[in-house]
Amino acid sequence: MMLFTQAKGLPVITAEEAESLGRVESLTIDARTGNIACLRLSGASEHPRVIVWDAVEGMGRDAVIVRSRAAADPSRRALPDHQEALGHRVLTEHGATHGTVKDIAFDGTTGAVLTLYTALGDISGDRLIGLGSYAVVVCDEPVRQE
């Protein structure tokens, strides 16, 4: 498990070329899947500023490793618009306020969002249903597994 705040600032390095691509500036969540769709980089003037999650080989406390520059190319797929989640308010699908997002836990291997840590308590990642410029939207009740 990793936290968004831990991932921010990590260097991104290719395994194939052993080349630095930049540093993690933010993570983009695809609310439809509940997974991280891509990494957005800073300090990547000659490299892509966006790395698709599928190209990530591993993410640890010291760095993010991607397969190669070519594998990281986001031009091969449509990515969701980036909406910052940290610091934004959390609303339930019926409009009830649930504080603001303090951090987000995710699986460093699969990219699955595990937990939203808010000012008013933790919310399971499977309750995430939307992200916008105004708020993160979650289901009122936990999702039931059948």
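Note: the structure precedes this text.
Summarised in this report is the structure supplied together with it. (Residues numbered from 1 in each chain as written. Predicted model: local features only at pLDDT ≥ 70, side-chain atom pairs only at ≥ 80, totals over all residues. Heavy atoms only, no water.)

**Section: the sheet that holds strand E6 (residues 56-59)**
Our working definition: For two strands to pair, DSSP has to find at least two bridges joining them. In DSSP terms, a helix is any run of H or I states spanning at least four residues, a strand is any run of E spanning at least two, and both are numbered starting from the N terminus. Angles here are taken between N-to-C directions and fall from 0 to 180 degrees, while the axes themselves are lines fitted to C-alpha atoms, restricted in helices to the stretch in contact.
A sheet is described by the order of its strands in space; here six strands give the open sequence E5-E4-E3-E2-E7-E6, paired in mixed fashion. Sheet topology places strand E5 (50-52) and E6 at the edges, where each strand pairs with a single neighbour. Strand-to-strand twist across the sheet, computed as the mean angle between neighbouring axes with direction ignored, equals 35°. Strand direction decides the pairing type here: E6 and strand E7 (residues 64-66), joined by three bridges, are antiparallel. Bridge pairing in E7 links glycine 58 to isoleucine 65.

**Some points on the pattern of salt bridges**
Operational definition: Should a side-chain nitrogen of Lys or Arg be within 4 Å of a carboxyl oxygen of Asp or Glu, the pair is scored as a salt bridge. We call a residue buried when its accessible area falls under 20% of the maximum for its residue type, exposed when it is over 50%, and partly exposed in between, using a 1.4 Å probe and counting protein chains only.
The tally for this structure, following the rule as stated, stands at three salt bridges. A salt bridge links arginine 49 to glutamate 25; the nearest nitrogen and oxygen atoms lie 3.8 Å apart. Taken as a pair, arginine 49 in the loop between strand E4 (35-42) and E5 and glutamate 25 in strand E3 (residues 20-30) lie far apart in primary sequence, 24 residues in all. Under the relative-accessibility criterion, arginine 49 is labelled partly exposed at 46%. The exposure class assigned to glutamate 25 is partly exposed, which follows from its relative accessible area of 38%.

**Remarks on the pairing of E3**
Across the eleven residues that make up E3, a large majority, eight, are buried. Two strands pair when backbone bridges link them, and strand E2 (residues 11-14) and E3 are joined in this way by three bridges, in the antiparallel orientation. What sits directly across from proline 11, in E3, is arginine 23. Hairpin geometry of E2 and E3 is characterised by an intervening segment of five residues between the two adjacent antiparallel strands and by a positive phi of about 50° at alanine 18. Pairing of E3 with E4, which is carried by seven bridges, proceeds in the antiparallel orientation.

**Description of the packing of aromatic side chains**
The test is simple: Classification of ring pairs uses Phe, Tyr and Trp, with its six-membered ring standing for Trp, and accepts pairs whose centres are within 6.5 Å; under 30 degrees between planes counts as stacked, over 60 as edge-to-face, and the remaining range as tilted.
Here the structure, examined in full by the defined rule, presents two aromatic pairs. Consider the rings of tryptophan 53 and phenylalanine 106, whose centres lie 6.2 Å apart with planes at 85°: the pair is edge-to-face. Separated by 53 residues along the polypeptide, tryptophan 53 in the loop between E5 and E6 and phenylalanine 106 in strand E9 (residues 97-106) bring together distant segments of the chain. According to the relative accessible area criterion, tryptophan 53 is buried, its value standing at 6%. The class for phenylalanine 106 is buried, based on a relative accessible area of 0%. Taken together, the ring pairs connect Phe4, Trp53 and Phe106 into an aromatic cluster.

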